[in-house]
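Examination of the molecular architecture
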Amino acid sequence: MKKLLMGNQAIALGAMHAGVSLVSGYPGTPSTEVLETVARNNDGSIYVEWSVNEKVALEVAAGAAYTGARALVTMKQVGLNVASDPLMSLAYIGVKGGMVVLVADDPGPISSQTEQDTRRFASYAKIPVLDPTSPQEAYEMIGEAFALSERLGTPVLFRPTTRVCHACQDVEVLENPQVSGDFRFEKDSKWVIFPRLSYQNHIKLEERAVQLSREFSAYPRNAVTGSGRRGVVASGVSYAYAMETLSQMPGEAKLMKLATAYPFPEDLALRFLEGLDEVLVMEELDPVIEDQLTLLCGKAFRKVVIHGKRDGFLPHAGEYSVELLRDAIDRFLHIPVASAPPTAPPPSLPIRPPVLCAGCPHRASFYAVKQAMKGQRAIFCGDIGCYTLGNAQPLDMVDTCLCMGAGITMAQGLARMEKGAHTISFTGDSTFFHTGIPGVINAVYNQHDMTLVILDNATTAMTGHQPHPGIGTTMMREVSTKVDIAAVLRACGVEHVATVDPLDLPAAIDAVKAAVAHHGVSAVIFRSPCIAVTKPGKPVAITDRCVGCQRCIREIGCPALTWADGRVFVDESLCTGCGLCTQLCPTHAIEGGACHA
Amino acid sequence: MRSFSCLLSGVGGQGIVLASKLLAQTAMETGMPAMTCETIGMAQRGGCVVSHVRAGENCFSPMIPQGTADVLLGFEPAEAARHLRILAPGGICVTASRAIRPVTASLGAEYDGDAILEYLRLHAPRLLLVEDQQLLAKVGSPKCLNTIMIGAAAGAGAFDLPAESFLDAIKANFPSKYIEMNLFAFQTGYAYGKKAVTP
């Protein structure tokens, strides 16, 4: 039956169709919906968990695959950096049941720190990678990835990109077969990594790459069509973009569609190169296929000009589009471009940067720290989550942001070198559990002087409100032990720990001042739930006492407060009545809001 | 072979992703293959949201190539103006008329609503401005703008799809407690759109 499915939903249902028994992961755009879809459609026979981070998730999945079960682990591309330690070793050890490592790449980047290419990771780790071009293909290919993994006894990388993950398509969904839940770990010395074993397995890995290169030359999702002296190579969603143009001009160019960048199907590529003078390679992110093709031309003494990223024919950075590739194909085939008359540019359009939601407790937390540190030299180390948006005007409270958990640790290096500056890190609750805790222990052990601010909104908000260890619920719909952040901090040796509601502005400011005054490691936990997971309160009201000073608008940048016709308005569809604005109005003109006014 | 493409544009929180799903599911009800594509994530936080819907054979890219869309469905005038160049010659632009000022406007940046409406009138030969506030009041729920807008565009004949197929798609895909409200929202929009294009 045909269903309109998002690529990530298709991958999830495809994995269920392939008989997956365990799914683990850590949320990250554009990968998150895969695990969520399995959990939503789970009849209880599949074990599903959000792990605390990607390294943990990958190890949990590997353990499952050691028993012969099929396991799926999901993450975004930067998550693979965290999980790279177990992945590199697992490539040498291998698995018994099929294990697919789903890593979603994000050309653009639209919602990421880097434009790294997971296909490079595949060749670095020496494990095969599959790269679907559409949701329908992803549904079918994920099953092939499990079968390949099981047959070869190796983890397999599955790498969709944003426009495959988040595109929807009418997908043919099949009945799921029954899976036996009977798995047993067989003890064997092959599961224990040792230098001698690694040496032997390294030899096998290289042999397997050669064998797989041959197999992938016959893989039906890799295909050469057409003929001529000019050839086009396309992979991933670039193939879909290119087909918009190429399907209009049949016979103009030879085409190679590639779904396996590593191991590179050399035999197929040699057949493709036969009779060609020039090739255009179209792939987002790194020139992985382009480099392999260039290497092959050298090895096989083929005199072919290769166009792509290396000669500037196509850009290295950013995502591709139908238009970008149409222009490239036209230039490559020397087709004169018929340019459409341009539409007149619109008048100055409003800029709509993403902002913290109206009523977001992070706004109050940032504002409290800003007030507490007024007039003092302070460096604010941010982290990954909604609260990265605290860098925007007028809050302007994020001076650094690098990667998950780095706020806590970078603050320590900064404080050691710049004498006299206060360093304050902002870490979300989910990020704290992800990679924050080792940094806290480091700060205590090495006697750093810093203040940790934990923004505890009781959810993983940015990626769509996933539970985490502090919440007390799991993806198996069970109630579990809540891990108490304050208790963790104290157990790590943090002596000064305060928990306060950031929407109680005077108390919040006092808590920050007291923590900063404490020499050594201190912590303030700002606890207030994300407005997206709580019932909103009654909107505030602007009274006649408003003198139009606009202090509320200038200070906190709440999207529910607007200025028009010489006065302040409250957008009642947005205001949650958090009461932050009522506490900073100099004429007490804003009424209502929470009980903090 | 029947086919159409529609770009939906607006700001976070307007229900654009659901509207694009409804459009694609309606196309599927009539036997057409369908694709959609949207940017989600950060965009939910009051940023610009765009969703592409393509239906019919021979679609490869989930995103509509520039200058080829049959319909531009704006949920806000500036967001319609921002994407006007995606329309094919002869394409129709249907947009909600109420301007939504961003936080940056409150902080001093410009938003000249009249200039934007003037631009749309000048450069979109087929333009339907939908009095969205008036229709929302009639339907009685601020959450129904998306279905009203789909209805208005359908009523104006923007899609090659019968009204009944939209109603069937709503019944088949919406949670039961929202079906009635959305059927009414669609019909309200549809009547508005139909009246607007009837000479």
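Residues numbered from 1 in each chain as written. Chains lettered and ligands numbered in written order. Predicted model: local features only at pLDDT ≥ 70, side-chain atom pairs only at ≥ 80, totals over all residues. Heavy atoms only, no water.

1. Some remarks on the overall build of chain B
Helix and strand counts for chain B come out as 8 helices and 6 strands. For 199 residues, the compact-globule estimate of 2.2 N^0.38 gives 16 Å, and chain B sits close to it at 16 Å. Along the three orthogonal principal directions, the C-alpha set of chain B runs to about 50 × 40 × 35 Å. Going through the 199 residues of chain B one by one, you find that 60% of them count as buried. Across chain B, every contact between residues at least 6 apart in sequence was considered, and the portion connecting residues at least 24 apart equals 64%. Averaging the coordinates of the 16 positive side-chain charges in chain B and doing the same for the 16 negative ones gives two points 3 Å apart. (Helix = DSSP H or I, 4+ residues; strand = E, 2+ residues; numbered from the N terminus. Rg over C-alpha atoms; globule rule 2.2 N^0.38 Å. Buried < 20%, exposed > 50% of the residue type's maximum accessible area, 1.4 Å probe, protein only. Contact = heavy atoms within 4.5 Å. Lys, Arg positive; Asp, Glu negative; His and termini not counted. Charge placed at Lys NZ, Arg CZ, Asp CG, Glu CD.)

2. Focus: the packing of aromatic side chains
Applying the stated criterion across every chain, the model contains 12 aromatic pairs over all chains. When the ring of Phe4 of chain B is compared with that of Phe159 of chain B, the centres are 5.4 Å apart and the planes differ by 50°; the resulting orientation is tilted. Taken together, the residues Phe4 of chain B in strand β1 (residues 3-11) and Phe159 of chain B in the loop between α6 (145-155) and α7 (163-173) connect sequence positions 155 residues apart. The pair formed by Phe4 of chain B and Phe159 of chain B is uniform in burial state, with each residue classed as buried. Centre to centre, the rings of Phe166 of chain B and Phe186 of chain B are 5.0 Å apart; their planes meet at 25°, and the pair counts as stacked. Here Phe186 of chain B lies in helix α8 (residues 176-197) and Phe166 of chain B lies in helix α7, a separation of 20 residues in the sequence. What makes Phe186 of chain B buried here is its relative accessible area of 1%. Every member of this aromatic cluster is reached through a ring pair, and the members are Phe4, Phe159, Phe166, Phe186 and Tyr190 of chain B. Over the face of the ring belonging to Tyr239 of chain A we find Lys257 of chain A, whose NZ or CZ atom lies 5.6 Å from the ring centre. (Phe/Tyr/Trp six-rings, centres within 6.5 Å; stacked < 30°, edge-to-face > 60°. Lys NZ or Arg CZ within 6 Å of the ring centre and 35° of its normal.)

3. Observations concerning the packing of helix α9 (residues 195-217) of chain A against helix α11 (residues 266-273) of chain A
All names here are of chain A. Orientation of α9 relative to α11, taken along the N-to-C sense of each, is 50°, at an axis distance of 6 Å. Taken as axis vectors, α9 and α11 run oblique relative to one another. Between α9, through Ser213, Arg214 and Ser217, and α11, the contact on the second element is made entirely by Glu266, Asp267, Leu268 and Arg271. Split by residue class, the contact of α9 with α11 holds 1 nonpolar, 2 polar and 4 charged. (Axes fitted to C-alpha atoms, helices over the stretch in contact; angles between N-to-C directions. Parallel < 35°, antiparallel > 145°, perpendicular 65-115°, else oblique. Nonpolar A, V, L, I, M, F, W, Y, C, P; charged D, E, K, R; others polar.)

4. Some points on a negative patch on the surface
On the surface, a cluster of negative charge is made up of Glu110, Asp112, Asp114 and Glu118 of chain B. Looking at the element boundaries, Asp114 of chain B is found in helix α4 (residues 113-123). (Patch = residues over 30% accessible without salt bridge, like charges linked within 9 Å, V, L, I, M, F, W, Y side chains within 5 Å. Areas by Shrake-Rupley, 256 points an atom, 1.4 Å probe, with all protein chains shown as cover. Salt bridge = Lys/Arg side-chain N within 4 Å of Asp/Glu carboxyl O.)

5. Quick word on the domain arrangement of chain A
All names here are of chain A. Looking at chain A, the domain boundaries give domain 1 (2-176), domain 2 (223-332), domain 3 (361-533) and domain 4 (541-591). Computed over C-alpha atoms only, the centres of domain 1 and domain 3 are separated by 31 Å. Carbon and sulfur atoms supply 59% of the area that domain 1 and domain 3 bury against each other, a total of about 1300 Å² over both sides. There are 0 salt bridges connecting domain 1 and domain 3. Between domain 1 and domain 3 we count 5 residue pairs in polar contact (both at pLDDT 80 or more) in total. Listed by contribution, the elements that provide at least two residues to the side of domain 1 that touches domain 3 are α2 (33-40) and β3 (47-50). Class assignment of the residues belonging to the side of domain 1 that touches domain 3 gives a composition of 10 nonpolar, 7 polar and 4 charged. (Domains from an automatic or database assignment. Buried area = accessible area lost by both parts, 1.4 Å probe. Polar contact = N/O pair within 3.5 Å; in protein donor to acceptor, adjacent residues only side chain to side chain.)

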